[in-house]
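# Results of the structural survey
Letter by letter, the chains look like this.
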Amino acid sequence: MKRGLAAFCIIAFSALSPPLHAKSRAQSKRKLPKPVQMDRGVQFARDPKTGNLNLKSAVEVDRSASHAPLLRVHVNLVEVECNIFAADGSAVRDLSQNNFRVFEDGVPQTISHFDAFAESAAIALVMDASPSVLPDSASMKSAAEQLIRGLSSADEVAVADFSEHTFLLLPFSRDRQLLTRAVSGVNVRNLFSDTGGSNIYRSLYLVAEELFTGRTGRKAIILLTDGQDSGMGLTLDGSGVRPGTAHPQNRATFEDIVRALSERGIEIYVISTQNRPRIMTPHWLALHRSDSLITPAVLPLGIPAYTAFLAELVRRVGGQLYFLNESGSVAAAYHSIVQRLSAQYTLGYYPRAGDTPGWHSLRVELLGRDGLRVVSRSSYYQAAEK
């Protein structure tokens, strides 16, 4: 369509559209959809050949509110989000594609896609509504509402909560009024009858599979929780971490969750309601960026197992771990998350044909700019073909 004709169509459509104030009134009257239980009728099935855990769901998630492009052709594009910081901690926003180099397993890649934080982000806000977080539920909702207000109006946000089961309260939407109402509707007491524990990691898997499959561009999950998962039997000795002979074949493991997030390029920003372990400073985490935290050796350091698993999740897929009870952490956490999401560079490349399934290391380097710090995920997971 020629530009002049396109302009005519827009003007004609505007003339037929109701006034803006009428639209605003209509939007304000929009009702929240009924919550959808995301794990109703869900079955997990592990492929005996590939080892992949597949999700078979009888629930059809409404994606009609989504306007984000779907990745339908180039399904093997690897997208690497990264943030660049100056020595004073401020975000650097003036870099071009020529300033970046991406390495997979030490081999330089050709950057085929570059975006300097122009694309909108798809963000799923996942809130713990199990009884153990009741004392912190008001603070969690306050933090979530601040997060929504601080995000770009172009970003799409979905809201889900969980206890034993996972409920989608609002699919991806740009309607900030609906989003705020969805967050304010999270009520721990409403899920007191949802007995059976807190399924944190299974909820993350469901959100990744049912909301993010097929999406391209910047993707993130913001998880508000105390970290105390009771559905996977996780221990620092290795129970529930990966499939094994003593583990039910079709039951999700921690490794399955990490793979699902990494394969889709979903970063995770965790706001824990617990206190930060004294040793677990950002500097300490950076020093152990290449070390697994799933080990009994963290217990003498004063790191609870549930906090170690949250930190390991962030270490593996990229993102950040915050603690709600730190002084000023509500404001600091949401401000930091918003700043990072709004100043991300996206680098995309196509891996070599015949790359073996499994984990591949990633490294981003800068050219022509000294003294800057690069923050990006250190690996990605390539699933075996079915």
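Residues numbered from 1 in each chain as written. Predicted model: local features only at pLDDT ≥ 70, side-chain atom pairs only at ≥ 80, totals over all residues. Heavy atoms only, no water.

So, on to the sheet that holds strand β8 (residues 121-128). Spatial ordering of the open sheet is given by β1-β10-β9-β8-β11-β12-β13, a layout of seven strands whose pairing is mixed. Across the chains shown, the open sheet's two edge strands, defined by having one partner strand only, are β1 (36-37) and β13 (319-323). Two strands pair when backbone bridges link them, and strand β9 (residues 156-162) and strand β10 (residues 166-173) are joined in this way by five bridges, in the antiparallel orientation. Bridge pairing in β10 places D161 opposite F167. On top of the sheet, helix α4 (residues 176-184) reaches β8, β9 and β10; it is set at about 165 degrees to β10, its chief contact. Together, β8, β9, β10, β11 (218-225) and β12 (266-272) form the strand contacts of helix α5 (residues 200-211), whose direction differs from that of β11 by roughly 155 degrees. (Pairing = 2+ DSSP bridges. Helix = DSSP H or I, 4+ residues; strand = E, 2+ residues; numbered from the N terminus. Contact = heavy atoms within 4.5 Å. Axes fitted to C-alpha atoms, helices over the stretch in contact; angles between N-to-C directions.)

Take α4 next. Taken together, the buried positions of α4 are L178, L179, A182 and V183. Buried positions in α4, seen along its axis, are confined to an arc of 135 degrees and lie on one side of it. Buried residues along α4 sit in contact with β8, α3 (137-150), β9 and β10. Put simply, D175 is the residue that caps the front of α4, since its side-chain oxygen is 3.1 Å from the backbone nitrogen of Q177. (Buried < 20%, exposed > 50% of the residue type's maximum accessible area, 1.4 Å probe, protein only. Arc of directions from axis to C-beta. Polar contact = N/O pair within 3.5 Å; in protein donor to acceptor, adjacent residues only side chain to side chain.)

Next up on the list: the packing of aromatic side chains. All told, the structure shown has nine aromatic pairs when counted by the stated rule. Residues Y201 and F254 carry aromatic rings whose centres are separated by 5.5 Å and whose planes lie at 75 degrees to one another, so their mutual orientation is edge-to-face. One end of the pair, Y201, is in helix α5; the other, F254, is in helix α6 (residues 254-263), and 53 residues separate them in sequence. Ring pairing ties together the aromatic residues F100, F114, F117 and Y345, which thus form one cluster. (Phe/Tyr/Trp six-rings, centres within 6.5 Å; stacked < 30°, edge-to-face > 60°.)

Counting 50 residues, the largest nonpolar core has Y201 and I221 as the members making the most contacts within it. In terms of residue count, the dominant contributor to this core is α5 (eight residues). Ignoring sequence-local partners within four residues, the contact set of Y201 consists of D229, M232, L234, F254, I257, Y306, F309, L310 and L313. Core analysis: the second largest hydrophobic core is formed by 34 residues, V133, L147, L170 and V186 among them. (Core = buried A, V, L, I, M, F, W, Y, C linked by side-chain atoms within 4.5 Å.)

Across five bridges, the pairing between strand β5 (residues 100-104) and strand β15 (residues 358-366) is antiparallel. Bridge pairing in β15 places R101 opposite E365. Pairing between β15 and strand β17 (residues 379-382): four bridges, direction antiparallel. Among the inter-strand pairings, W359 is bridged to a residue of β17, identified as Y381.

In this section: the sheet that holds strand β6 (residues 107-109). Ordered in space as β6-β5-β15-β17, the four strands form an open sheet in which the pairing is antiparallel. A single partner strand is all that each edge strand has here, and the edge strands are β6 and β17. On average, each strand axis in the sheet is tilted by 35 degrees relative to the strand beside it, whichever way the strands run. As judged from the three bridges shared by β5 and β6, these two strands associate in the antiparallel manner.

The next point concerns the environment of G302. Relative to the elements of secondary structure, G302 occurs in the loop between α7 (282-287) and α8 (305-317). A residue is classified by how much of its surface remains accessible, and G302, at 49% relative accessible area, is partly exposed. C-alpha separation for the pair G302 and I279, spaced 23 residues apart in sequence, amounts to 7.5 Å.

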